[in-house]
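# Overview (structure and organization)
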Amino acid sequence: MLLFTPGPTPVPEFARVSMSEETMHHRTAEFEAVFSDTRELLFKLFATDEVIMLASTGTGAMEAAVTNLCHDTLLSINSGKFGERFGKIAKASGLANVEIKNEWDTPASVEDVTKALRANTKIDAIAIQISESAGGLRHNVEEIAAVAKEINPDIMVIADGITAVGVERIDVANIDCLIAGSQKALMLPPGLSILGLSSKAIEKIGEGKGYYLNLASEIKKQSQNTTAYTAATTLIIGLRSVLQKIENDGGLGKLYCDTARRAKATRFALEAIGLHSYPSVPARSMTTIDDEDASKIRNILKSDFSVNVAGGQDHLKGKIFRINQMGFLEPYELAWVVNAVELSLAKLGRREFDGTASRMFNEEYFKSMLGSAK
Ligand SMILES: *Cc1c(COP(=O)(O)O)cnc(C)c1O
């Protein structure tokens, strides 16, 4: 079965092999060396002043960010399940919460954020997804962060990049906390989350909040290449191998470029066979199609073509399907996936099969090569 869900994503063989050694003790010089290498590679990926690894899923890092960086009122952007989660975390942590809510295909507007910040001066942090995985949309985080800082230079901007870090280059000029998770773009099993922090964020954290998710304790330890509690040693070994592999395979620029080409070629291919891309601004992490036959298409993809794509959640259950673009995916895998989608439409009697999807995918993905051959 080809795993094409936007999280968990496939773990490449080299990463699995790297994690197959005996468990290393975390309080040893040997592990500190692994930790130090990984930190160094993470600094290149995040481009932030500090990076912290937590033994938690992405939600743990979201909670750590909110509780440590918001001390009064959180403005959260809800264009999907993960944006909604920020608001729930704020409420569960006894913080006040203002929410900007949109349909799951609609990114937050700069105007709405401006209005909310002007209307409530108690807002001291804003939390937003870069790529909202629920509907596969891309928020304009860069502009929203810049405007937020213009209105209030002390505001903390928390950006959930769980399906964006490792997908595209992110401008962190106005971001105080950038979050990543192991099982999405970082191609690892679940259980490790990472926070990139600005120096302003470190200042605001001060003594930190909470106990396990107290970021002050982790900053103190991790800057010395150790952790406050037992490190997720095996996952960190895996992370080092993934980040080294990215570097050896042409670097982050190549990974971002290949991902963008794949995402665009996939969307063009599916649009060419009459399907509709759901989000008004698609993220590069996944291709999201809304269709009345979404469930049927997913079932045929699984039973006839061994392709596992994700469906929708909540009110989008049975209404969309999402194809992963994160990680080291080969173009031939996506060419097969779009071809399988076209065959599924033929099986449903919607459209006669003529190979348009895979042809469009190849033309778009390889257009620079085709152009030079002319
Ligand atoms: C998957 C995901 C999360 C939640 O991560 P968990 O690892 O399930 O806790 C948060 N935000 C986004 C955008 C995600 O895609």
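Quantities reported herein were computed from a predicted structural model and do not represent experimental measurements.

## Some words on the sheet that holds strand β8 (residues 156-160)
Judged by pairing direction, the sheet is mixed, and its seven strands sit side by side in the order β2-β10-β9-β8-β5-β3-β4 without closing on themselves. Two strands in the sheet have a free side with no partner beyond their single neighbour: β2 (50-54) and β4 (96-101). The average angle at which neighbouring strand axes cross in this sheet is 20°, direction not considered. Lying on the sheet, helix α3 (residues 58-69) is in contact with β2, β3 (73-78), β5 (123-129), β8, β9 (177-181) and β10 (193-197); it crosses β9 at an angle near 165°.

## Structural notes on the site of the ligand
Taken together, the neighbourhood of the ligand is formed by 14 residues, with Thr57, Thr59, Ser133, Asp160 and Lys184 sitting nearest. Against a free-state accessible area of 390 Å², the protein chains account for coverage of 90% of the ligand. Only α3 and α4 (81-92) provide two or more residues apiece to the shell around the ligand. At three residues, the largest contribution of residues to the shell around the ligand is made by α3. Of the residues in the shell around the ligand, the class split is three nonpolar, eight polar and three charged.

## Considering the side chain of serine 344
By the secondary structure assignment, serine 344 is in helix α12 (residues 331-347). There is a polar contact of 2.7 Å between the side chain of serine 344 and the backbone oxygen of alanine 340.

Cut-off values and rules
- Residues numbered from 1 in each chain as written.
- Predicted model: local features only at pLDDT ≥ 70, side-chain atom pairs only at ≥ 80, totals over all residues.
- Heavy atoms only, no water.
- Pairing = 2+ DSSP bridges.
- Helix = DSSP H or I, 4+ residues; strand = E, 2+ residues; numbered from the N terminus.
- Axes fitted to C-alpha atoms, helices over the stretch in contact; angles between N-to-C directions.
- Contact = heavy atoms within 4.5 Å.
- Near = heavy atom within 4 Å.
- Areas by Shrake-Rupley, 256 points an atom, 1.4 Å probe, with all protein chains shown as cover.
- Nonpolar A, V, L, I, M, F, W, Y, C, P; charged D, E, K, R; others polar.
- Polar contact = N/O pair within 3.5 Å; in protein donor to acceptor, adjacent residues only side chain to side chain.

The quantities given are spatial measurements derived from coordinates; they are silent on function.
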